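Fold and geometry: a report
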Amino acid sequence: MDSGGDKELWLVWQNSKTRLRHNIGRLWTENGKYFFQYDQQGLSSAKKYGYQLHPSFPGIEVYKSNKLFPAFALRLPNTDRPDYKNILSKYGLSNISSDFDILAKTGGKLATDNYEFVEALHKCDNLGLDHEFYIAGWRYWVGPNLPPEKLMPGTILKITPELENKYDRFALQVETNDGAKIGYIPAFYSKIIYHYIAQECNCELKVTDFNPQRESSKVLLVRLICDMKCK
């Protein structure tokens, strides 16, 4: 399959102890080619918690390939699986979806390591923000015990800075309108989104999809829209 156009994903690594996830690299397509490079800021942060470079990418240069790098292609669902079509359908994909899109939707997680792919998010001071992502930490809070009608698509959620968080000074918790904590903005997005929240921009967080049958990290999909009507 091809790359499906010029797109970008972040490679995220999760620390087993703190459970924080760090954006350690970028995978992107350009003119039908694949590229990967470490993110120096995220890499520096991850190294403080013992992270070591991926064995397939031992240097900090830009890597280039005519197809998806083998180390990442191994993270795609096996096409020989009898439930392959069901896996794609669960994520709104089909057999004509590109490798890149499949990696973006499934995350490419394996049981043998702590890597995951997420869609890239960039701050834009002139255009605001419009991004979909999954709520983090769902299984640790009240989310699994909430009635499904509390999280119907279109439901508005609240974002609150968690100032006392000792691991992430940009931590943003997510709550229902009646104050029930259901998780967090993912740590690899929190600094950028905190920028908008701190400036009291006009931000709205809505439930896009709720599927308790998925793995816990992909149960609650939300969409955040922030314009630049800030104070």
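For the structure, see preceding data.
Reading the values: the criteria
Residues numbered from 1 in each chain as written. Predicted model: local features only at pLDDT ≥ 70, side-chain atom pairs only at ≥ 80, totals over all residues. Heavy atoms only, no water. Helix = DSSP H or I, 4+ residues; strand = E, 2+ residues; numbered from the N terminus. Rg over C-alpha atoms; globule rule 2.2 N^0.38 Å. Buried < 20%, exposed > 50% of the residue type's maximum accessible area, 1.4 Å probe, protein only. Contact = heavy atoms within 4.5 Å. Lys, Arg positive; Asp, Glu negative; His and termini not counted. Charge placed at Lys NZ, Arg CZ, Asp CG, Glu CD. Pairing = 2+ DSSP bridges. Axes fitted to C-alpha atoms, helices over the stretch in contact; angles between N-to-C directions. Disulfide = S-S within 2.5 Å. Phe/Tyr/Trp six-rings, centres within 6.5 Å; stacked < 30°, edge-to-face > 60°.

Observations regarding the overall build of the protein chain
Looking only at helices and strands, one finds five helices and 11 strands in the protein chain. For a compact globule of 231 residues, the expected C-alpha radius of gyration is about 17 Å, and the protein chain comes in at 18 Å, within 12% of that figure. For the C-alpha atoms alone, the extent of the protein chain along its principal axes is close to 50 × 40 × 35 Å. Here the protein chain, with 231 residues, has 47% of them falling under the buried criterion. Sequence-distant contacts, at least 24 apart, represent 60% of the contacts inside the protein chain between residues at least 6 apart. Averaging the locations of the 30 positively and 27 negatively charged side chains of the protein chain gives two centres separated by 4 Å.

Describing the sheet that holds strand β1 (residues 8–14)
Across the sheet, which stays open at both edges, the five strands sit in the order β4-β3-β2-β1-β5 with antiparallel pairing between neighbours. Every interior strand has two partners, whereas the edge strands, β4 (63–65) and β5 (115–119), have only one. Mean inter-strand twist for the sheet, computed between neighbouring axes without regard to direction, equals 25°. Pairing geometry for β1 and strand β2 (residues 21–30), over seven bridges, is antiparallel.

Let's talk about the side chain of His 54
Take His 54: it is sitting in the loop between α1 (40–47) and β4. Take His 54: its relative accessible area is 10%, and that puts it in the buried class. If sequence neighbours within four positions are ignored, His 54 has contacts with Tyr 38, Ala 71 and Tyr 115.

Remarks on the environment of Arg 19
Relative to the helices and strands, Arg 19 is located in the loop between β1 and β2. Arg 19 gets classed as partly exposed once you look at its relative accessible area, which sits at 37%. Sequence spacing of Arg 19 and Asn 177 is 158 residues, and the spatial spacing of their C-alpha atoms is 26 Å. In this view, Arg 19 contacts Gln 14, Arg 139 and Tyr 140; residues no more than four positions away in its chain are not counted.

Points about the state of the cysteines
Applying the stated criterion across every chain, the model contains one disulfide. Bridging Cys 203 to Cys 226, the disulfide has an S-S length of 2.2 Å. Across the S-S bond of Cys 203 and Cys 226 the torsion is about 120°, and the bridge reads as right-handed. Residue Cys 203 is found in strand β10 (residues 203–210), and its partner Cys 226 is found in strand β11 (residues 220–226); the two are separated by 23 residues along the sequence. Looking at Cys 226, the relative accessible area reads 3%, which means it is buried.

Here we look at the side chain of His 22
Checked against the element boundaries, His 22 lands in strand β2. Here His 22 is in contact with Leu 11, Val 12, Trp 13, Gly 42, Ser 45, Ala 46 and Tyr 49, once residues within four sequence places are set aside.

Brief notes about the packing of aromatic side chains
Applying the stated criterion across every chain yields a total of 17 aromatic pairs. Summarising the aromatic geometry, the rings of Phe 57 and Tyr 63 are spaced 5.0 Å apart at their centres and angled 80° between planes, so their arrangement reads as edge-to-face. Comparing Phe 57 with Tyr 63 shows no difference in burial state: the two are buried. An aromatic cluster is defined as three or more aromatic residues linked by ring pairs; in this entry it consists of Phe 36, Tyr 38, Phe 57, Tyr 63, Phe 69, Phe 72 and Phe 117.

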